[in-house]
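# Secondary and tertiary structure notes
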Amino acid sequence: MEEFVERFQWIDPQTNELFWLTQAEIDAKD
Amino acid sequence: MADVTTFLGLEKPIGGEAHSRAMINRNYDRVEAFAILADKMAKGKVFEKSVTGNSGTVVDDVVDNIPSFTFKANRRYEIIWDTSYYGTGNSDSLFYLSVNTAPLADAANLLTNLTAIEGRTRALNWYSLQGTHHYGPIVVPYAPGASDVTTQIKFRCQRVTGDDGMIFVGNANEKRFYKIIDLGAQI
């Protein structure tokens, strides 16, 4: 099984599309 | 004499259609009939998206969504959600998966204002750490009726009993996907 990295819901404010991102990926978007 | 095409049965006058005195209007009738028939036929896949990232740990959440899709009046559709999954622990846990319509204005992760299409469509029982499971796609029928329906679609996982979470798998080799199939005219 792959290494576990917790992902969180992130909603694209432009499209209202739901993504599951890592905390680092979310931080990079802010 | 006229040739007859094998497919539509159109007549092809030797003199050319536009100037032939032999030409009568049956061709237009046949073309029109075929156009009406073709319009009623299944159009196949009208939406598809695949996801290459796992979900987070889901207890009761929207896993995926389609922000907006217009179902055309008087047609029949299938909505398909296909995913592998694994639980995060080894308690005896039961989850329901469902496909829901929701208002366009609602945020993607909201769990209110949901209307489950065909109810709760699948129960997943998880009771030990056994690797990744795949249960086959969830398929729900949807027919909008006499008017176009533009709606958000939310794919939801809901824990009913137990203590575990569920992770929905997506990676390059095993994509999670959802799609909408047009099955043809509503009967």
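Residues numbered from 1 in each chain as written. Chains lettered and ligands numbered in written order. Predicted model: local features only at pLDDT ≥ 70, side-chain atom pairs only at ≥ 80, totals over all residues. Heavy atoms only, no water.

## Concerning the confidence of the model for chain B
- Confidence along chain B averages 89 in pLDDT terms, with 89% of residues attaining 70 or more.
- The ipTM value of the predicted complex is 0.88, and its pTM value is 0.86. (pLDDT = per-residue confidence, 0-100.)

## A word on the sheet that holds strand β5 (residues 75-82) of chain B
Residue and element names in this part refer to chain B.
- The 4 strands lie next to each other as β3-β14-β5-β11, forming an open sheet whose pairing is antiparallel. Every other strand in the sheet has two partners, leaving β3 (44-51) and β11 (138-142) as the edge strands with one partner each. Ignoring strand direction, the axes of neighbouring strands in this sheet form an average angle of 15°.
- As judged from the 7 bridges shared by β3 and strand β14 (residues 176-185), these two strands associate in the antiparallel manner. Opposite Ser50, over in β14, you have Phe177 as the bridge partner. (Pairing = 2+ DSSP bridges. Helix = DSSP H or I, 4+ residues; strand = E, 2+ residues; numbered from the N terminus. Axes fitted to C-alpha atoms, helices over the stretch in contact; angles between N-to-C directions.)

## A word on the side chain of Ser93(B)
Residue and element names in this part refer to chain B.
- If you trace the backbone, Ser93 turns up in strand β7 (residues 93-102).
- Classification of Ser93 by relative accessible area gives buried; the value is 0%.
- At a separation of 3.2 Å, a polar atom in the side chain of Ser93 contacts the main-chain amide nitrogen of Asp163.
- With near-sequence residues (within four places) excluded, Ser93 lies in contact with Leu124, Asn125, Trp126, Thr161, Gly162, Asp163 and Asp164. (Buried < 20%, exposed > 50% of the residue type's maximum accessible area, 1.4 Å probe, protein only. Polar contact = N/O pair within 3.5 Å; in protein donor to acceptor, adjacent residues only side chain to side chain. Contact = heavy atoms within 4.5 Å.)

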